[in-house]
Amino acid sequence: MKKMYMVFAGLAVCVSLIASSWASDENLLDNPGFEDGELSYWTDAYGAGAETSDSVYHSGSASVSTYVNNVTDREYWTQIYQDKDLSAGESIYGSIYIKTTMSPEAGAKAGLMLQFMDDTDNVIGSSVNTRAVGGSTDWRLVEVSYKSAPSGTTKVRLSADLWAAKGDDSSLTGNAYFDDASLIKKYQEASLPSSLLN
């Protein structure tokens, strides 16, 4: 009887550890793969406007795309984002797959950014992924992680973004596509060497 109790106790501990692991890897984002065919739960800010695509995607049956439409009098910037609750001191990991179909001469770059916000929605810190994607590039995983959210943090913003320099007309053709986003409360180093992401 004692041996049987120890076996059940051991199984209970294993199940608890597995459940804890699953919970820690929970994706906080809603509609992370844009599978509902629209930008539900996402905010589309600035720029030309984003739309879902059912012909280009990393997995499932949809992604979201955007493009550069004006570099005449200013830098171009657009972002698609979600805000989620996060407390100061918590770890956070964000990732997204990006594909670009721009000219090799274009300076435009698509990337991923985490911003930490306070209870008045002011940005109090950002972690920008400098390994941005541009030119003609097939699907590439881009990741950002932060070990400890700064003091005053009440939420985190995950943004898929697209930037181009003022006067860079070569960036006016092609698209940036985003798919399979994730936002998880943990710290995780990039899974691919930076030499493969630049």
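First, a word on what this report is: a plain description of the structure on this page. Please read all numbers here as calculations on a predicted model, not as lab measurements.

1. Quick word on the pattern of salt bridges
At step 1: Per the counting criterion, the structure on display carries 7 salt bridges.
At step 2: Among the ionic pairs, Asp30 bridges to Lys84, the shortest N-O distance being 2.7 Å. Remark: Lys84 occurs in strand 4 (residues 76–85) and Asp30 occurs in the loop between helix 1 (2–24) and strand 1 (43–45); sequence separation between them is 54 residues.

2. What to know about the sheet that holds strand 4
Within a sheet, each strand pairs with its neighbour through backbone hydrogen bonds, oriented either parallel or antiparallel.
At step 1: Reading across from one edge, 1-4-9-6-7 is the order of the 5 strands in this open sheet, with antiparallel pairing throughout. Looking at which strands have only one partner, the edges of the open sheet turn out to be strand 1 and strand 7 (123–128). Strand-to-strand twist across the sheet, computed as the mean angle between neighbouring axes with direction ignored, equals 25°.

3. Quick notes on the packing of aromatic side chains
At step 1: For the coordinates displayed, the defined rule picks out 2 aromatic pairs.
At step 2: Ring geometry for Phe34 and Trp42: centres 5.0 Å apart, planes at 35°, overall tilted. With respect to class, Phe34 is no different from Trp42; both count as buried.
At step 3: Arranged with centres 4.8 Å apart and planes meeting at 55°, the rings of Phe116 and Tyr146 form a pair that is tilted. You can see Phe116 sitting in strand 6 (residues 109–117) and its partner Tyr146 sitting in strand 8 (residues 136–146), a full 30 residues away along the chain.
At step 4: A relative accessible area of 1% means that Phe116 is categorised as buried.
At step 5: For the cation-ring pair, Lys147 lies above Tyr187, with the distance from its terminal atom to the ring centre recorded as 5.1 Å.
At step 6: Over the ring of Tyr81 we find Arg157, and its NZ or CZ is 3.8 Å from the ring centre.

4. Here's the deal with the nonpolar core
At step 1: Core analysis: the largest hydrophobic core is formed by 34 residues, its most contacted members being Trp42, Leu162 and Phe178.
At step 2: By residue number, the principal contributor to this core is strand 9 (residues 155–164), which donates 5 residues.
At step 3: Each residue touching Leu162, except ones within four places of it in the same chain, is listed here: Thr66, Tyr67, Val68, Tyr76, Trp77, Thr78, Met102, Ala108, Lys109, Ala110 and Ala176.

5. What to know about the pairing of strand 3 (residues 63–66)
At step 1: In strand 3, alternate side chains face the same way, and those of Ser63 and Ser65 on one face and Val64 and Thr66 on the other are all buried.
At step 2: Here strand 2 (residues 51–53) pairs with strand 3 via 3 bridges, running antiparallel. In the strand pairing of strand 3, Thr52 is matched with Val64.
At step 3: Across 3 bridges, the pairing between strand 3 and strand 10 (residues 176–184) is antiparallel.

6. Quick notes on the environment of Ala48
At step 1: By the secondary structure assignment, Ala48 is in the loop between strand 1 and strand 2.
At step 2: Overall, Ala48 belongs to the partly exposed group, its relative accessible area being 24%.
At step 3: Separated by 29 residues in the primary sequence, Ala48 and Trp77 have C-alpha atoms spaced 9.2 Å apart.
At step 4: If we ignore the near neighbours within four places in the chain, the residues touching Ala48 are Tyr67, Asn69 and Tyr76.

7. A closer look at unusual backbone geometry
At step 1: In this structure, Tyr46 takes a positive phi of about 70° despite not being glycine.
At step 2: On the basis of relative accessibility, which here comes to 55%, the residue Tyr46 falls in the exposed class.
At step 3: For Asp180, which is not glycine, the phi dihedral falls at a positive 50°.
At step 4: Note that Asp180 resides in strand 10.

Analysis parameters
- Residues numbered from 1 in each chain as written.
- Predicted model: local features only at pLDDT ≥ 70, side-chain atom pairs only at ≥ 80, totals over all residues.
- Heavy atoms only, no water.
- Salt bridge = Lys/Arg side-chain N within 4 Å of Asp/Glu carboxyl O.
- Helix = DSSP H or I, 4+ residues; strand = E, 2+ residues; numbered from the N terminus.
- Pairing = 2+ DSSP bridges.
- Axes fitted to C-alpha atoms, helices over the stretch in contact; angles between N-to-C directions.
- Phe/Tyr/Trp six-rings, centres within 6.5 Å; stacked < 30°, edge-to-face > 60°.
- Buried < 20%, exposed > 50% of the residue type's maximum accessible area, 1.4 Å probe, protein only.
- Lys NZ or Arg CZ within 6 Å of the ring centre and 35° of its normal.
- Core = buried A, V, L, I, M, F, W, Y, C linked by side-chain atoms within 4.5 Å.
- Contact = heavy atoms within 4.5 Å.

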